[in-house]
Amino acid sequence: MHRYEAHIAWQRDGTRFTDHRYSRGHTWRFDGGVTVPASSSPASVPLPYSVAGAVDPEEALVAATSSCHMLWFLALAARQGFVVDRYVDEAFGIMERNAEGKQMISRIT
């Protein structure tokens, strides 16, 4: 069994909250000490309520999937005796509505 943790922190910056005009900017902190600025996507929540320079959950999902695929490929290649000098992936995900009309990441390529 493996346990993975992330500390997610957000704080209201003094603006009203109930009118939905609050910042979605927050941080992700991981057990290795890395802190990542995060936010909702500007595609989902318009600026200035999202943070364009931060990582959004959808991007993180695409990156995590691509990273897992790369690590699996490198392990498989090494096990088979192949030498890999470089690996580059230009991954993307598609968010669309499902049959019930709910937003979802339907595929990652």
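Whatever comes next refers back to the structure up there.
This one's a predicted model, so the numbers in the text were calculated from it and none came from an experiment.

Asks: I'd like to hear about the pairing of strand E5 (residues 103–108), residue by residue, with values.
Replies: Bridging between strand E4 (residues 93–97) and E5 involves five bridges; their strand directions are antiparallel. Within the sheet, the bridge partner assigned to Glu96 lies in E5 and is Met104. Linking E4 back to E5 in an antiparallel pair, the connection comprises five residues, with Gly101 at a positive phi of about 85°.

Asks: Explain unusual backbone geometry to me, using residue names and the numbers behind them.
Replies: Note the cis peptide between Leu47 and Pro48, where omega equals 5°. On the secondary structure map, Pro48 appears in the loop between strand E3 (35–38) and helix H1 (57–79). One non-glycine residue, His20, lies in positive phi territory at about 70°. With respect to the helices and strands, His20 occurs in the loop between strand E1 (6–9) and strand E2 (26–30).

Asks: I'd like to hear about the sheet that holds E2, residue by residue, with values.
Replies: Across a sheet, paired strands are connected by hydrogen bonds in the backbone, their directions being either parallel or antiparallel. Pairing within the open sheet is antiparallel, and its three strands lie in the order E1-E2-E3. Either end of the sheet is taken by a strand with one partner, and the two such strands are E1 and E3. Taking the axes of each pair of neighbouring strands and ignoring which way they run, one obtains an average angle of 20° across the sheet. Judged from the four bridges that link them, E2 and E3 form a sheet pairing that is antiparallel. Paired with Thr27 across the bridge in E3 is Pro37.

Criteria and thresholds
- Starting from 1, residues in each chain are numbered consecutively following that chain's sequence as written.
- pLDDT decides what is reported in this predicted model: residues at 70 or higher carry local features, side-chain atom pairs at 80 or more are listed and counted, and totals for whole chains, interfaces and linings draw on all residues regardless.
- Working from all heavy atoms in the structure, the side-chain values ignore hydrogens and water.
- By this definition, two strands are paired if DSSP reports at least two bridges between them.
- Helix numbers and strand numbers start at the N terminus; a helix is a DSSP run of H or I with at least 4 residues, a strand a run of E with at least 2.
- Note on method: axes are straight lines fitted to C-alpha atoms, helices fitted across the in-contact stretch only, with angles between N-to-C directions ranging 0 to 180 degrees.

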